[in-house]
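# Structural overview for review
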Amino acid sequence: MKRFSTLLLSTAAAVFVVQLAGCDSSDPGAADIESAVASAPTEVSSSSRAAVDDQRLLNAANEPGQWLTVGGTYEERHYSPLKQIDGNNVGQLGLKWFADYDTNLSQQGTPLYVDGVLYVSTAWSKVYAFDARNGQQLWQYDPQTAKDIVTKVCCGIVNRGIAAYDGKIYLGTLDGYLVAIDAATGNEAWRKLTVDPDAQYSITSAPRIVKGMVLIGNSGSEFGIRGYLAAYDAKTGDERWRFYTVPGNPADGFENPQMAQAASTWGGDWWVLGGGGSVWDALTYDVKNDLVIFGTGNGTPWNQQARDPSGGDNLFVASIIAVKPDTGEYAWHYQTTPGDTWDYDAIGPVMLLDLDWQGEQRRVVVQPNKNGFMYVLDAATGKLLKADPFTEVNWASGVDLETGRPIEVPAARFKDGTTFNLAPGVQGGHGWHKNSFNPETGLLYIATQRAYYAMQADPNYMRNVGGANTGLAFAAGFNYYRDHPDAPREFVGYVVAWDPVAGKEVWRSEEHDGPTGSTLATGGGLVFSGGGNNTNEFRAYDATTGQKLWSFDTQTGMVAGPITYELDGKQYVAASVGINQAGNYYAPNYSRLLVFELNGTALLPPAEAFTPPPLDPPPLTASAEAVEHGGEVYGQYCGTCHGNNGQARGANFPNLMTSPMLNAQEAFDAVVINGIKAQNGMASFADKVSAADSADIRAFLIARANELKASLPPAPPAAARAGDVHDDVQDNDE
Ligand code: CA
């Protein structure tokens, strides 16, 4: 398998050549499957694969040995009552088998386990099927996603899951297709383009199956799209309904009364950029109330002063919405962040619970929101029952349970050129990461973040059709934290056990740098969670006390949702791992499916040594004007992936501060203009960026890299990563 580990050569040219040869995120020759146990003959009947019908979906809780949907059941509790693996024996949990993926980058897919077969989606919207007994690959599906889609992707070339139904595996692709794959053969049964290919849409979320339909939303609010959730016939792919989350141009008429109502909460001409409100992850079906419940993303641009100077609520961005599954008709909504100006997508997973609530049983929706509040809503009506901060929150002092509105801190809206050191920052108090609930402890297990981000309006903001639209000053964080060295600026992650009835934290795991991984709760009294972006561990905690009982060296970061299942009377735990180590794109990335059993003895090959590339930019020779212009163009087209101010975006994209490309304009242009790394996901920007722009972008990066280097104490490489911390949002936000 090719690994990229030889970056530290002496000349720029040599480094450049090595990078071209080695930094290959989608190497088709690398699909080697390794199993440390003797292969048993497969007994999985290919004709009956993914034999999941409506009854099985409705009764998924009665098949605890399976993992039929991304959330385990329709309630999306990521809970299994299996208890063979428990607190007494989890220390003996070991690897049964593993399979290397042929695509690296960040792995966020929750696997499915159906009747002896594991199905999992990976980066670049690929899907694998493995014989669960031995890890033998049954098939792989590659949708051949156009690599230039990357110019429309804000937050990683990722996929978070698939759906199994009626002999097929359903997948949303990064370039906006809904695909049905024959579960027996891996062949494509049909594909349907679900988005306008000329707009800035992409798909990273898992489809859900409801009443013979496949439901899928899309991403793109960082650029400018009109968000919607749509339902497609599972057999044919025909669109059955579509619910837009924001109104279109009033001159075109409104699709339904709710769009007219929503339009009254907007000012200006929002429809030019689309408005936002993407339905990019949170989605579930409440069988009891017969409602589809989902969350919506931020408005476009982020900064409401630039989006809608009238300061309206901008429905239905940053909201939780319920619609009727048969028709897509509106049922209720609750807007978590009215007039959002902080990128507070309401996209944390929505989970359905039946709680003992003030003396009666109540069906509720819970969501840990990016904005730092844990919301509890009545699932039938959307009425707000409770909202408590589950992490550091400084933009609002609370939520008024009568009106349902946040009690905002006025300064948090960063008006009149002010800067506000926001908590949670745009990284969010919680991202898309899967949460779990154990009915025996009554606790939610939440991947939690404490994060800050310096918010300042861009006084020169212009609409950027086809590029990123935040309306924020990209240099704000760099300048603010330089000028306020004592201001809080951390970005840490940890698992919180949360009592949803009391609205209180019960325990938390140790804190560490960056986001924490998704969680899985089991009847064995355990909580499984990956160590997140920057900690190469898979862990099991005691569900009651939070004590760490087990860990496994994954050799790479782990954020994806783990699952558990039973095969031949034995319980297994499985999960995807894969994020470049230490949040560094250049580090070796061991993207794999890992499967564990009690007393498992398989071993991973030894990890390769890695030294992060140094922060060693060439001297700045360009003019101040060139640097300034370069910064503007960078903010329009590069910052969404490579980070504000070019300072780093962790694992999914190269940290341009340490890029060897800074040494030679020719090399820089070969990538930016000529697109020679398009296969790796860095498409040509020739239609957006001129050669002069490219030179100025490089000048801007050299200027920033020299500034950063001068500001650091002479102690690399840990100090050289200081700039990463505030900007590592790519796994949390779309
Ligand atoms: Ca967002």
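Our structure's up above, just so we're on the same page.
This report concerns the structure included in the present document. (Residues numbered from 1 in each chain as written. Predicted model: local features only at pLDDT ≥ 70, side-chain atom pairs only at ≥ 80, totals over all residues. Heavy atoms only, no water.)

### Observations regarding the pairing of strand β22 (residues 373-378)
Among the six residues of β22, six are classified as buried, and the element is accordingly described as predominantly covered. On β22, burial covers both faces: Phe-373, Tyr-375 and Leu-377 on one face and Met-374, Val-376 and Asp-378 on the other are all buried. Note: strand β21 (residues 360-368) against β22, five bridges, orientation antiparallel. Within β22, the position partnered with Val-365 by the bridge is Leu-377. From the end of β21 to the start of β22, which pair antiparallel, there are four residues, and Gly-372 there has a positive phi angle of about 95°. With five bridges joining them, β22 and strand β23 (residues 384-389) adopt antiparallel strand pairing. (Buried < 20%, exposed > 50% of the residue type's maximum accessible area, 1.4 Å probe, protein only. Helix = DSSP H or I, 4+ residues; strand = E, 2+ residues; numbered from the N terminus. Pairing = 2+ DSSP bridges.)

### Regarding the nonpolar core
Membership of the largest hydrophobic core comes to 96 residues, with the highest contact counts inside it found for Leu-118, Tyr-119, Ile-169, Phe-528 and Tyr-565. Listed in part, the 38 residues of the second largest apolar core include Ala-346, Val-365, Val-393 and Phe-420. (Core = buried A, V, L, I, M, F, W, Y, C linked by side-chain atoms within 4.5 Å.)

### Points about the state of the cysteines
Across all of its chains, the model carries one disulfide by this definition. Two residues, Cys-154 and Cys-155, share a disulfide whose sulfurs are 2.0 Å apart. Where Cys-154 bonds to Cys-155 through sulfur, the torsion about that S-S bond is close to -105°, and the disulfide is left-handed. Using a relative accessible area of 3% as the deciding quantity, one classes Cys-155 as buried. (Disulfide = S-S within 2.5 Å.)

### As for the packing of helix α8 (residues 665-672) against helix α9 (residues 691-711)
With their axes 10 Å apart at the nearest point, α8 and α9 run at an angle of 115° to one another. Seen along the crossing, α8 lies across α9 with a hand that is right-handed. Between α8, through Gln-665, Phe-668, Asp-669 and Val-672, and α9, the contact on the second element is made entirely by Ser-694, Ala-695, Ile-697, Arg-698 and Leu-701. (Axes fitted to C-alpha atoms, helices over the stretch in contact; angles between N-to-C directions. Left-handed = near helix turned anticlockwise from the far one by under 90°. Contact = heavy atoms within 4.5 Å.)

### Let's talk about unusual backbone geometry
A cis geometry characterises the amide bond from Leu-315 onward to Phe-316, with omega recorded as 0°. Within the fold, Phe-316 resides in the loop between α4 (304-307) and β18 (319-323). Here the amide bond leading from Ala-423 into Pro-424 is cis, since omega sits at -10°, within 30 degrees of zero. Summarising the element assignment, Pro-424 is placed in the loop between β26 (419-422) and β27 (436-438). With a phi angle near 50°, Asp-290 is a residue other than glycine that sits in the positive phi range. Relative to the helices and strands, Asp-290 is located in the loop between β16 (283-286) and β17 (291-295).

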